[in-house]
Number of protein chains: 2
Amino acid sequence: MLEGLMMDYQLTLDKIIEHARRNFPNKKVITKLPDGSMHELSYREMHSRIKRLSSAMCDKLGVEIGDRVGTFAWNNHQHMELYFAIPGAGAVCHTLNIRLSPEQLTYIVDHAEDQVVFIDGTLLPLYEKLAPNRPSVKYHVIFNVDKDVETSLDNVVFYEDLIAEGDEAFAWRNTDEQMASGLCYTSGTTGNPKGALYSNRSTYMHSLGVLQGNSMALCEKDTVLAVVPQFHAMSWGLPYAAVYCGANLLMPGQFLQAEPLAEMIEQYGVTVAAGVPTIWNGLYHELKNNPRDISTIRALVVGGSAMPRALTVAYEKELGVDVLHAWGMTEMSPLGTVCVLQSHHIDLSDEEKWDVKATQGYGISGVEMRIMDEEGNELPWDGQTMGELQVRGPWVVRQYFRLEKSESHFTADGWFRTGDVSTISEDGYMRITDRTKDLIKSGGEWISSVDIENTLVGHPKVMEAAVFAVPDPRWSERPWAGITFVPGETADKDELNGYLATQGFVKFWWPDNYIAIDELPKTSTGKLDKKVLRAQYGQ
Amino acid sequence: MLEGLMMDYQLTLDKIIEHARRNFPNKKVITKLPDGSMHELSYREMHSRIKRLSSAMCDKLGVEIGDRVGTFAWNNHQHMELYFAIPGAGAVCHTLNIRLSPEQLTYIVDHAEDQVVFIDGTLLPLYEKLAPNRPSVKYHVIFNVDKDVETSLDNVVFYEDLIAEGDEAFAWRNTDEQMASGLCYTSGTTGNPKGALYSNRSTYMHSLGVLQGNSMALCEKDTVLAVVPQFHAMSWGLPYAAVYCGANLLMPGQFLQAEPLAEMIEQYGVTVAAGVPTIWNGLYHELKNNPRDISTIRALVVGGSAMPRALTVAYEKELGVDVLHAWGMTEMSPLGTVCVLQSHHIDLSDEEKWDVKATQGYGISGVEMRIMDEEGNELPWDGQTMGELQVRGPWVVRQYFRLEKSESHFTADGWFRTGDVSTISEDGYMRITDRTKDLIKSGGEWISSVDIENTLVGHPKVMEAAVFAVPDPRWSERPWAGITFVPGETADKDELNGYLATQGFVKFWWPDNYIAIDELPKTSTGKLDKKVLRAQYGQ
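Here the residue numbering is sequential within each chain, running from 1 through the sequence in written order. For naming, the first written chain is A and the first written ligand is 1, with later ones following in the order written. Only residues with pLDDT of at least 70 get local features here, since the model is predicted, and only at 80 or more are side-chain atom pairs given and counted; chain-wide, interface and lining totals rely on the full set of residues. Values reported for side chains reflect all heavy atoms of the structure, with hydrogen atoms and water molecules removed beforehand.

### Brief notes about the overall build of chain A
Spelled out, the test is: Every helix listed is a DSSP run of H or I at least four residues long, and every strand listed is a run of E at least two residues long, numbered separately from the N terminus. A simple rule labels every residue: compare its accessible area, found with a 1.4 Å probe on the protein chains alone, to the largest value its type can have, and call it buried under 20%, exposed over 50%, or partly exposed in between. A contact between two residues is defined here by any heavy atoms of the two lying within 4.5 Å. Areas reported as accessible are Shrake-Rupley estimates using a 1.4 Å probe. Residue values count occlusion only from the protein chains shown. Counting rule applied: Lys, Arg positive; Asp, Glu negative; His and chain ends not counted. Taken as the charge centre is NZ of Lys, CZ of Arg, CG of Asp or CD of Glu, depending on the residue.
Counting secondary structure elements, chain A contains 15 helices and 25 strands. Dimensions of chain A, computed from the C-alpha atoms along their principal axes, are close to 70 × 60 × 50 Å. When each of the 539 residues of chain A is scored for burial, the buried share is 63%. If you take every contact in chain A between residues at least 6 apart in sequence, the share linking residues at least 24 apart comes to 66%. Accessible surface for chain A amounts to roughly 19400 Å². Of this, 48% is attributable to carbon and sulfur atoms. Across chain A, the mean location of the 48 positive side-chain charges is 2 Å away from that of the 73 negative side-chain charges.

And the structure:
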């Protein structure tokens, strides 16, 4: 083999903050602090603080290369500093999901053997309750807190003291792109959480993926509001991507309610905002009651679960905001697809465009997808055929942290099995039709629970819907639906199935039963937890 | 060290064409054929042809992994196919610069030991004259040519015959990202040409660099006109970047004259066009005579040498076209900087914006720059201090092909010495003030020949200017200027130095002598060749 004669340049995360310091010294991370005031930190200052933090982490706390260092925090400038300082110290930034159960969180801190945990003062009582004083943890470093705070944690260090002791001349220790840089556990609905261990290289490449023109196309002119938490799939990679391109980054702290979000968007002229559908649903209703101009937003990025089509239409028609569906997984760093329209869609009607926008979009440069049948044959990209979605790419996991590689997650030829069932159109637009485990197999045919749910929530009386499989002696499985109705409203089976009929669903897909439920069961990340429904109604 | 557990995914060029086949099957390479007609090739078809070409190259021509395979061609779909098929076969795409001298071309083919050379039929007579039947070359493959063509070359194969014999089921052989994929010789004005040997990885990373929002921001909605030749610094990476993002790519073949370019831009609604200032100067004058609407262009990318400020102003004010200065080098794959304005420039006046746009811009994500004094100390980024520009990054060479690593090109700590002298502003905007070798040192002070030239061409009677050093007993060196006047015009030293005075130049910088010259000496790539002037007038 003849090697190219190009520089052996390591794709490491220090390059990102150094680039920002050099080219965007006056761009900022803007944080809504616990007291509600706004805090601005330039990338030049942030670089200096990060360097000192990395240095002190090594010298004062004894963090070694490869150590896991936990974070338990909202989105704020300290959490941003940790995103760079921990990898810069050669360690692994392990973001702890504050919404996990005490058992899960304890399991995760112990499994990762976190050496140090950085804790947001506003979450200190929660952390004390969930995972206090785990055996591996040598130090608890706290911020956003008064010096006289009372805590049951031992070995407490104050964050600002640590930075004050650091040395700005510190030399970055993430010198090899293969070094682990981040750790994020998936909150599976079954079994213990599984850790995705990112490398410097994978996260660097992922950042370039986020910056692509066909993807979120972030650039220096953007002001990005990261509503998606830093403890959830690395805030979809926005912290690294925004700094790399020199965008201003707006961090809402714990203020994830519609009103403060609306206020921040208007005040700072946000151009890109990213969050789950629930957040945007809340914001929409807030804006109906208290109108504000949010038309500076050029991309309302939605992920986590599918955006109801009606809500997309409302944002685009009523608020003049372009909605960008995105799809990914913790195991994918997380970004896989973004639903940007292609040039051949230009002449479509609005309705047809929204049909395209209801899909998850096509793979960003770097992400490969395929759909497979149960025998492992690749299925055609025709927009109709459903198959198990598999992916590969520079920012996809090859194995879980401290788990044996298993065939249920990885194929023999090196693809990751997403656990999703989807179709893909001729031009690459992927549409998730179900989770593998939620798919309903009835009379030998597949029924997409997601398709039925997405349609049912379009009914004016339905707020949320969960369609799940119930064993059936004749058909093997039949769909049932759990429904949360709009307050004060209700509807019976005939009305709802009649609605499905008007939306083009054949009778065979209509749920056999509808159950009114006050609150649908959800996982810690807010996804429908259908195994609870199956357990309850499956007998 | 703890390694991340991410896929060992190789950054190779096959990924780019596979991504386009999957997601942009109906987007196109559009070529102006030698007969002037337009030829359209979809990425789906191109993928199939490339696979067959790679296969036949291996099976029929015996191309081995690491072999160098030459191309001698204009920008067209065949050259595009070769850009992917040669690396796909595990070989090195060696683009031969058709504008080199016979001696240089012969040297290069022999030095690279090209095993096969692909020749554009329209250039066959030129190739026969310059570098016929070199000892290493086993086959000459020709296209754009009739079967009954007469040629002095031996072992001639017809391109379409080769593709017809190929197997579409061919498995890509560029399986390791470190494998060399491209070779491009610089046409230095002194000594033999030197080869930059790109790897799959470096070119892949460079493509992502071109696609960044802060860079050219190419996306699927673009139609890109690549005027910059594929035989010149890989057409600035556009062939790979455009395919990766699914843009349509317009290839002008040998039709680089202003009239056909203007026609193509208007007909296809070009959004991004890339070329050297001479091309855009010609286009501007063509459009003054024969107006056409070219306002679909969102970025007129200019590189190779500095765009005269007056021309930038003319494009923006008169034609509604945004000019994007870019800078790079063959040794940098080639893109280093792009002059996109930053958000803090928004409130500047037009004149102030054009001042910023006259610089080379700031580094794209991945490119690091620094300026150094003669003792190897780093100089400040203040927009004033001039120093030697050094760069590093994932797509910068670490050594030349088959040459010992030398200190005149590479620093001990791993940076590439560009040979340019520049300033860098606080926010990263780099401005080239000279080539190291063209800088004039007079009375212990540096005088920028480029600054004087750029100003002199703003004088209405001056067409081109070359300022060069002449030995001086008192000052060590003094500037002289060679001038090509606008036809029918002339101006004397007093008038020209008076003009420099009005533009803010101190007397010490004024050239001691002006020489009217019919045509200024240029290198094969159209750059001023001042060593000819120094030799002629330096005594």
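### Thoughts on empty space enclosed by the protein
Residue and element names in this part refer to chain A. The condition is simple: In this analysis the probe radius is 1.4 Å and the grid spacing 1 Å, with only protein atoms considered; a cavity is a set of points the probe fits into but cannot get out of, a pocket is an open set with protein on both sides within 12 Å along at least five of seven lines, and lining residues have an atom within 4 Å of a point. Grid points are joined across faces, edges and corners, and a volume is the space filled by probe spheres set on the points. In this count, Pro and Cys sit with the nonpolar residues alongside Ala, Val, Leu, Ile, Met, Phe, Trp and Tyr, while Asp, Glu, Lys and Arg are called charged and the others, Gly among them, polar.
What the rule picks out here adds up to five cavities of 30 Å³ or more. For the largest cavity, the full set of lining residues is Tyr198, Thr203, His206, Met234, Gly237, Tyr240 and Ser333. Taken together, the residues that form the lining of the largest cavity break down as three nonpolar, four polar and no charged.

### Some details on the relation of the copies chain B and chain A
Which entries qualify depends on this criterion: Superposing the copies works by least squares over the C-alpha atoms of residues that have pLDDT at least 70 in both of them.
The transformation that overlays chain B on chain A combines an axial shift of 0.0 Å with a rotation of 180°, and the residual RMSD is 0.1 Å. Here the symmetry operator amounts to a two-fold rotation axis. Among all residues of chain B, the one whose C-alpha sits closest to the rotation axis is Gln212(B), at a distance of 2.7 Å.

### Thoughts on the packing of helix H9 (residues 258-268) of chain B against helix H10 (residues 277-289) of chain B
Each packed pair of helices is defined by two parameters, the angle between the axes and the distance between the axes. All names here are of chain B. For clarity, the cut-off: Every angle, taken between N-to-C directions, lies between 0 and 180 degrees, and every axis is a line fitted to C-alpha atoms, over only the stretch in contact when it is a helix. Oblique is the label for any angle not under 35 degrees, not over 145, and not in the 65 to 115 range, which are roughly parallel, roughly antiparallel and roughly perpendicular in turn.
Running from N to C, H9 and H10 cross one another at 75°; their axes reach a closest spacing of 9 Å. Judged by the angle between their axes, H9 and H10 are roughly perpendicular. In contact with Ala258, Glu259, Leu261, Ala262 and Ile265 of H9, H10 contributes Ile279, Gly282, Leu283, Glu286 and Leu287. Within the contact of H9 with H10, the residues separate by chemical class into seven nonpolar, one polar and two charged.

### Focus: the sheet that holds strand S25 (residues 513-516) of chain B
Residue and element names in this part refer to chain B. We count it as follows: Each pair of strands is called paired provided DSSP finds at least two bridges between the two strands.
Taken in spatial order, the three strands line up as S23-S24-S25 in an open sheet, and their pairing is mixed. Single-partner strands in this sheet number two, and they are strand S23 (462-472) and S25. The average undirected angle you get between the axes of adjacent strands in this sheet is 25°. Relative to S25, strand S24 (residues 476-485) runs parallel, the two sharing four bridges. Its bridge partner being in S25, Gly482 is matched across the sheet by Ile515. Here helix H13 (residues 449-456) sits on the sheet and contacts S23, S24 and S25; the angle it forms with S23, its principal contact strand, is near 150°. Strands S23, S24 and S25 of the sheet are contacted by helix H14 (residues 493-502), whose axis makes an angle of about 115° with S25.

### A look at the confidence of the model for chain A
The cut-off we apply is this: The predictor rates its confidence in each residue with pLDDT, a number between 0 and 100.
In the predicted model, chain A carries a mean pLDDT of 95, and 99% of its residues have values of at least 70. Two summary scores accompany this predicted model of the complex, namely pTM at 0.92 and ipTM at 0.92.

### Concerning the sheet that holds strand S13 (residues 299-302) of chain A
Residue and element names in this part refer to chain A. With mixed pairing, nine strands are arranged side by side in an open sheet as S2-S1-S11-S10-S12-S13-S14-S15-S16. Lying at the two open borders of the sheet, with one neighbouring strand each, are strand S2 (38-42) and strand S16 (362-363). Two elements, strand S15 (residues 335-338) and S16, share two bridges in a ladder whose sense is antiparallel. Residue pairing in the sheet places Val338 in a bridge with Tyr362 of S16.

### Overview of the interface of chain B and chain A
Convention followed: Take the accessible area each of two parts loses on contact, using a 1.4 Å probe, and add the two losses: that sum is the buried area. N or O atoms within 3.5 Å of each other form a polar contact, as long as, within protein, one can give a hydrogen and the other can take it, and as long as residues adjacent in sequence are counted only when both atoms are side-chain atoms.
The interface of chain B with chain A comprises 77 residues on the first partner and 77 residues on the second. Carbon and sulfur atoms supply 54% of the area that chain B and chain A bury against each other, a total of about 6200 Å² over both sides. Where chain B meets chain A, there are 36 residue pairs in polar contact (both at pLDDT 80 or more). Those elements giving two or more residues to the side of chain B that touches chain A turn out to be helix H1 (14-23), strand S9 (194-199), helix H7 (200-211), helix H8 (238-245), strand S16 (362-363), strand S17 (368-372) and strand S18 (387-392) of chain B. If one sorts the elements of the side of chain B that touches chain A by residue count, H7(B) sits on top with six residues. For the side of chain B that touches chain A, the class distribution of residues is 39 nonpolar, 21 polar and 17 charged.

### With respect to helix H11 (residues 309-319) of chain A
All names here are of chain A. Where H11 is concerned, the buried positions are Leu311, Thr312, Val313, Ala314, Tyr315 and Leu319. Buried residues along H11 sit against helix H10 (277-289), S13, strand S14 (323-328) and helix H12 (350-357). Looking one or two residues beyond H11, the residue adopting positive phi is Gly320, at roughly 65°.

### Side note on the domain arrangement of chain A
Residue and element names in this part refer to chain A. What counts is decided by this rule: What counts as a domain boundary in this text is fixed by an automatic or database domain assignment. Each reported salt bridge corresponds to a side-chain nitrogen of Lys or Arg within 4 Å of a carboxyl oxygen of Asp or Glu.
Structurally, chain A comprises domain 1 (14-25 + 39-211), domain 2 (257-435) and domain 3 (440-537). Between the C-alpha centres of domain 2 and domain 3 there is a distance of 22 Å. Facing 11 residues of domain 2, the contacting portion of domain 3 comprises 12 residues. Of the roughly 800 Å² buried between domain 2 and domain 3, counting both surfaces, carbon and sulfur atoms make up 53%. Three residues, Glu374, Met386 and Asp434, lead the burial of domain 2 against domain 3; their summed loss comes to 47% of the area buried on that side. Along the contact surface separating domain 2 from domain 3 lie two salt bridges. Across the salt bridge formed by Arg431 and Asp451, the nearest N and O atoms sit 2.8 Å from each other. Residue contributions to the side of domain 2 that touches domain 3 peak at four residues, all from strand S20 (residues 430-435). Its residues assigned to classes, the side of domain 2 that touches domain 3 comprises five nonpolar, three polar and three charged.

### Here we look at the packing of aromatic side chains
Threshold: Two aromatic rings, drawn from Phe, Tyr or Trp (for Trp, its six-membered ring), form a pair once their centres lie within 6.5 Å of each other, and the interplanar angle then sorts them: stacked below 30 degrees, edge-to-face above 60, tilted otherwise. As a reminder, the over-ring test applies to NZ of lysine and CZ of arginine, requiring each to be within 6 Å of the ring centre and within 35 degrees of the ring normal.
In the structure shown here, the tally under the stated rule is 32 aromatic pairs over all chains. Consider the rings of Phe143(A) and Tyr159(A), whose centres lie 5.0 Å apart with planes at 55°: the pair is tilted. Of the two residues, Phe143(A) is situated in strand S6 (residues 139-143) and Tyr159(A) in helix H6 (residues 159-165); the sequence distance between them amounts to 16 residues. Owing to a relative accessible area of 3%, Phe143(A) belongs among the buried residues under this scheme. With a centroid separation of 5.9 Å and 35° between ring planes, the pair formed by Phe468(B) and Tyr537(B) is classed as tilted. Placement of Phe468(B) in strand S23 and of Tyr537(B) in helix H15 (residues 530-537) is noted, with a sequence separation of 69 residues between them. Residue Phe468(B) is classed as buried on the basis of its relative accessible area of 0%. An aromatic cluster is built from Phe24(A), Tyr362(B) and Tyr429(B), whose rings are joined through pairwise contacts. Looking at Lys15(A), its charged tip hangs above the ring of Tyr9(A), at a distance of 4.5 Å from the centre. Looking at Lys32(B), its charged tip hangs above the ring of Phe255(B), at a distance of 5.3 Å from the centre.

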